[in-house]
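Chains, contacts and geometry: an overview
So the chains spell out like this:
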Amino acid sequence: MAIVNSKITLDELQELARFWSEDRDAISVYFKAPAPSELAHREEPIFAKDQIKQKLGSLKGMSHADREDVQRILETVSELKGNNGRAKVIFACWSKGIWREYDAPGDFGCRIDVGPNFSLAPLIAQQQGRRRYCIALADRNRARLLLLEAREITEHSQVIDEDDKEKIRTTGTGKSVHLERKKDEQVRRHFTFVAEHLLHFYEHKDYDCLIVGCRDDMWPAIEAELHPDLKRVLAGHFHCDPGIASCEEIQEKAQALVDVRDRVDEQKLMERTMGGFASNALGAVGINEVIDALEKGEVRTLLWTSKPDGEQHSASLCEHCGHLEGKELNACTLCGGKMRLYQNAEEALLRHALGRSIEVREMHYSKLPMPDRIAAWLRFRAEISTPQALAS
Ligand SMILES: [Zn+2]
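What you are looking at is a predicted structure, and each value in this text was computed from that prediction instead of being measured.

Its location among the elements puts Lys 205 in the loop between α5 (177-203) and β9 (209-214). Spatially, the C-alpha atom of Lys 205 lies 9.5 Å from that of Arg 132, the residues being 73 residues apart in sequence.

In structure tokens, the structure reads:
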């Protein structure tokens, strides 16, 4: 029985990153489990099987039918039923006795790579870029809290305990102005109470961004109670009836806001990087310039656009000192150590960045310039002063 984890630690990542097979038989699988409704068609497992067989056709020696890891991958993928919406990620190398299997939240599509190294870029980018969205649903006398992370939603409504608060009851006939005012004041106090809890959870790093769900006419009163720190991380609000909204409805509406925010964030990062590159400031574009910046310790965020087979740009990494080259090279120009050639340059760059507090980001919406589609947003430029760079 395989141990299936949903979280991968930095130690595990570093171990997988160091792995290298001279026989070029390391297999990386990213597989989106079909939704239960799609199971009748079974198209994706068949697609994945064909891809695996085709990719492994070039393996030396043993036929792939005899390889235990290939058989195990085919079985694992065929048996997936929904997988709770999680993707299956497998790194396997039968000849070296390696099998790592993860149920990762998020959407990676379907991808199979075979080569000397494992393909870690999609997983690392997804893990790093993952934000936790608190979804606060509020009406005049209720509040529900949910957490949305990597397209998974969970309800945490019990964290706001309102038992000690006087519930607001609808008044019958004979309303007076005084009673109306009292009701309004109670509603305002309720929103203050909710907003204070949201701030408390944010300050304790329970989430990164906020989304509010409420009736449209309630929004101004709720917004007015939000602390400036919460307004800063507010991704938006959507219309719903907090009392009856289902998790599916909430997730769909919140995810739409998250997607818009991701797109805008990526666009900003792109503009900063390309603008910085154009003015010779805090942007580096192209493999050689990015390698130069990485080795000078200038990189804040490493960016790449994933490329289809045949369009990849390769890079070499010294297995001894970590030196990078944007081309194939046998021996390291710095230490004489053996260079490893990575078919996807970002895999080599990532291995240099891992554990060095450099952010990594796969660009999904905007394409970086050809031919290698690799860039970096920098912290500083070693040859110019930081104030000068920041001013530009
Ligand atoms: Zn070296």
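Most of helix α10 (residues 345-353) is tucked away: nine of the nine residues are buried. Every buried residue of α10 is listed here: Ala 345, Glu 346, Glu 347, Ala 348, Leu 349, Leu 350, Arg 351, His 352 and Ala 353.

Residue placement: His 323 occurs in the loop between β13 (315-318) and β14 (324-325). At a separation of 2.8 Å, a polar atom in the side chain of His 323 contacts the side chain of Glu 295. Here the side chain of His 323 touches Thr 333 through a polar contact of 3.3 Å, side chain to side chain. Once you skip the residues sitting within four places of it in the chain, His 323 turns out to touch Glu 295, Ser 316, Leu 317, Cys 318, Cys 332, Thr 333, Leu 334 and Met 339.

Glancing now at the coordination of the zinc ion. Donor atoms from the polypeptide that coordinate the zinc ion comprise Cys 318 (SG), Cys 321 (SG), Cys 332 (SG) and Cys 335 (SG), at 2.2 to 2.3 Å from the metal. Each of the four donor atoms around the zinc ion contributes to a set of angles spanning 99 to 115 degrees, which defines the coordination as tetrahedral. Expressed as a motif, the donor residue spacing for the zinc ion is C-x2-C-x10-C-x2-C. Residue Cys 318 is located in strand β13, and its partner Cys 335 is located in the loop between β14 and β15 (339-342); the two are separated by 17 residues in the primary sequence.

Strand pairing within a sheet occurs via backbone hydrogen bonds; the two strands may be parallel or antiparallel. A sheet is described by the order of its strands in space; here five strands give the open sequence β8-β7-β6-β9-β10, paired in mixed fashion. Only two strands of the sheet have a single neighbouring strand rather than two, namely β8 (152-155) and β10 (234-239). Between one strand and the next, the sheet's axes are offset by a mean angle of 20 degrees, whatever the strand orientation. Pairing of strand β7 (residues 143-149) with β8 involves four bridges; the strand directions are antiparallel. Bridge pairing in β8 places Leu 146 opposite Glu 155. Along the sheet, α5 contacts β6 (132-138), β7 and β9; its crossing angle with β7, the most-contacted strand, is approximately 30 degrees. Along the sheet face, helix α8 (residues 247-278) touches β6, β7, β8, β9 and β10 and points at about 140 degrees away from the line of β10.

What counts, and at which threshold
- Residues numbered from 1 in each chain as written.
- Predicted model: local features only at pLDDT ≥ 70, side-chain atom pairs only at ≥ 80, totals over all residues.
- Heavy atoms only, no water.
- Helix = DSSP H or I, 4+ residues; strand = E, 2+ residues; numbered from the N terminus.
- Buried < 20%, exposed > 50% of the residue type's maximum accessible area, 1.4 Å probe, protein only.
- Polar contact = N/O pair within 3.5 Å; in protein donor to acceptor, adjacent residues only side chain to side chain.
- Contact = heavy atoms within 4.5 Å.
- Donors = N, O, S within 2.8 Å, 3.2 Å for Na, K, Ca; no water.
- Tetrahedral: all angles 85-135°; square planar, octahedral: opposite > 155°, others 65-115°.
- Pairing = 2+ DSSP bridges.
- Axes fitted to C-alpha atoms, helices over the stretch in contact; angles between N-to-C directions.

Geometry only, nothing functional implied.
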